[in-house]
Amino acid sequence: MTTISLNLMNISHSDTLSKVFSGYTDDYEYTADGIFRRIKPPICLDCNIWMIHNGYNIHYKEHLGGVKVGRYLCPKCRKSLEEDFSFWEKIKSAFFGTLVKICQILRHNHVSLEEMELLLAHIYPRDGDTIQNWIKGSVQETVIPEPEEVQIVHYDEQHPKSGRNQKYRLTLLDGVTKKPIADEIHDTKNSDTVKAFLRKHLNPEQSIFIVTDLYKGYPNIFHEVFGNKVVHQFCLFHLNQLIVNDFPRNATMNQELMKYKLLDIFYDRSQEVQFLSRKAEEEIGILNKGNEPYNDWLEKTSYLFTQFLHNRELKRRRNKENLKQRSYCSSVIKFNNLMAEFDYFEAPVRRRLLKIEEYWSNLTAFYFVDNAPATNNAIENYYSASLKTQRKSQLREPGLEIQMKLAAMKREDYFGKPKMTLLKAFYMFIPFVDWK
Ligand SMILES: [Zn+2]
């Protein structure tokens, strides 16, 4: 235990000081003048005689404070030696470690460096370059344990009628082979039935990636069965169906444009958006000037758009292409652009955007697991017994690594309950604070 000489200035900090110096033996002292040193100076290794106390160096950290670290001098060879001050590095790294974690969380939520700089100005001012280096360095340093083999499965239900009786068909499909793992008919479909079904056919000890439609009850059921072993993907195809159903059948061109802007988040619909943007502008003109009966115009234009869609689909089919899946980064951008105009949208659009935001991690989980599907189409195909299969390769843009790694860190609970808050880390500096 370091001997701490108390004076009027540091008496109230004795608890903190003994924590700060807890790693040191009885040979050390913290003097009434605030110098940290050995009570008895060390021996000069060259001359083999006792050194003498010889003042101190000040180690200072902006906004936090400073500490005086004792120096020793050999009376014979005049060699100077500074005491080890790893305690100072330790409380600094506890403080900055916590601050960097805050920045990681902000970055994971797509806060820009400029915004982080603004925010940090209220806590511990740093410029954007420093913040960027903090995040980059700390993220690259983080080692995430190799994932164990992940089982990829699809889960879905059908509600067939057997005569007058409502039946429930529960199906599990292997995500790789597309072969059924289990396919059972039950009389009920409450959460206990589903849980028992999952427990019976899947290993709750193994990590699992499971795709379902957007039914609200699933996350809880999966959590109860698999705990933190489950990554749950909501089917993007099902999301797109819900988006389509958000709009009336005889939608205006402006509504049609909004629909495709929503569909454009996860799949590249830029051509459709471009087409509809022009038509929506034209629509405003027609409604304002009224040179042409609006209903006739809308009917004609809707027909043109249907043709446009049809031609695009034919082209895809000819080239054996699927609708192009956006990269994670470009989905983020598309979504953020829509959220920026949130207030201008009609209520159904706003509701849908909020839902997408709420379930963002469930909608984008597939980006982060190798060969994971984004949709439940496999199971739909199995149900309809058709043989259409699709396998989308994951596009991974360079420069996305940090974002991906942050998402992985989020999943591995690196942002979970912290061991230490920033304030607790700061308490350690109080004895050293320079209040000037
Ligand atoms: Zn010496």
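Residues numbered from 1 in each chain as written. Predicted model: local features only at pLDDT ≥ 70, side-chain atom pairs only at ≥ 80, totals over all residues. Heavy atoms only, no water.

Draft legend 1. Region of interest: the coordination of the zinc ion. Summarising the metal site, the zinc ion is bound by the protein donors Cys 44 (SG), Cys 47 (SG), Cys 74 (SG) and Cys 77 (SG), whose distances to it range over 2.2 to 2.4 Å. Around the zinc ion, the 4 donor atoms are arranged such that angles at the metal cover 107 to 113°; this shape is classified as tetrahedral. Every donor residue of the zinc ion comes from the same chain, spaced as C-x2-C-x26-C-x2-C. Pair noted here: Cys 47 is in the loop between β3 (35-38) and β4 (52-61) and Cys 77 is in the loop between β5 (65-73) and β6 (80-82), with a separation of 30 residues, a long-range link. (Donors = N, O, S within 2.8 Å, 3.2 Å for Na, K, Ca; no water. Tetrahedral: all angles 85-135°; square planar, octahedral: opposite > 155°, others 65-115°. Helix = DSSP H or I, 4+ residues; strand = E, 2+ residues; numbered from the N terminus.)

Draft legend 2. Expanded view of the packing of helix α5 (residues 191-201) against helix α6 (residues 218-226). α6 packs onto α5 with a crossing angle of 45° between their chain directions and a minimal axis gap of 10 Å. Classified by the interaxial angle, the pair formed by α5 and α6 is oblique. As for how α5 packs across α6, the hand of that crossing is right-handed. Listed contacts from α6 to Ser 191, Val 194, Lys 195, Leu 198 and Arg 199 of α5 are Ile 221, Phe 222, Glu 224, Val 225 and Phe 226. Per-class residue counts for the contact of α5 with α6 are 6 nonpolar, 1 polar and 3 charged. (Axes fitted to C-alpha atoms, helices over the stretch in contact; angles between N-to-C directions. Parallel < 35°, antiparallel > 145°, perpendicular 65-115°, else oblique. Left-handed = near helix turned anticlockwise from the far one by under 90°. Contact = heavy atoms within 4.5 Å. Nonpolar A, V, L, I, M, F, W, Y, C, P; charged D, E, K, R; others polar.)

Draft legend 3. Looking closely at a negative patch on the surface. A surface patch of like charges, here negative, comprises Glu 114, Glu 115, Glu 117, Asp 127 and Asp 129. Of note, Glu 114 is situated in helix α3 (residues 113-120). According to the relative accessible area criterion, Glu 114 is exposed, its value standing at 56%. (Patch = residues over 30% accessible without salt bridge, like charges linked within 9 Å, V, L, I, M, F, W, Y side chains within 5 Å. Areas by Shrake-Rupley, 256 points an atom, 1.4 Å probe, with all protein chains shown as cover. Salt bridge = Lys/Arg side-chain N within 4 Å of Asp/Glu carboxyl O. Lys, Arg positive; Asp, Glu negative; His and termini not counted. Charge placed at Lys NZ, Arg CZ, Asp CG, Glu CD. Buried < 20%, exposed > 50% of the residue type's maximum accessible area, 1.4 Å probe, protein only.)

Draft legend 4. Broad picture of the pattern of salt bridges. Considering all chains together, one arrives at 20 salt bridges under this definition. Between Asp 192 and Lys 195 there is a salt bridge whose closest N-O contact spans 3.8 Å. Placement of the pair is Asp 192 and Lys 195 together in helix α5, with a separation of 3 residues, close to one helical turn. A residue is classified by how much of its surface remains accessible, and Asp 192, at 54% relative accessible area, is exposed. A single salt-bridge network, built from bridges that share partners, covers Asp 264, Asp 268, Arg 326 and Lys 334.

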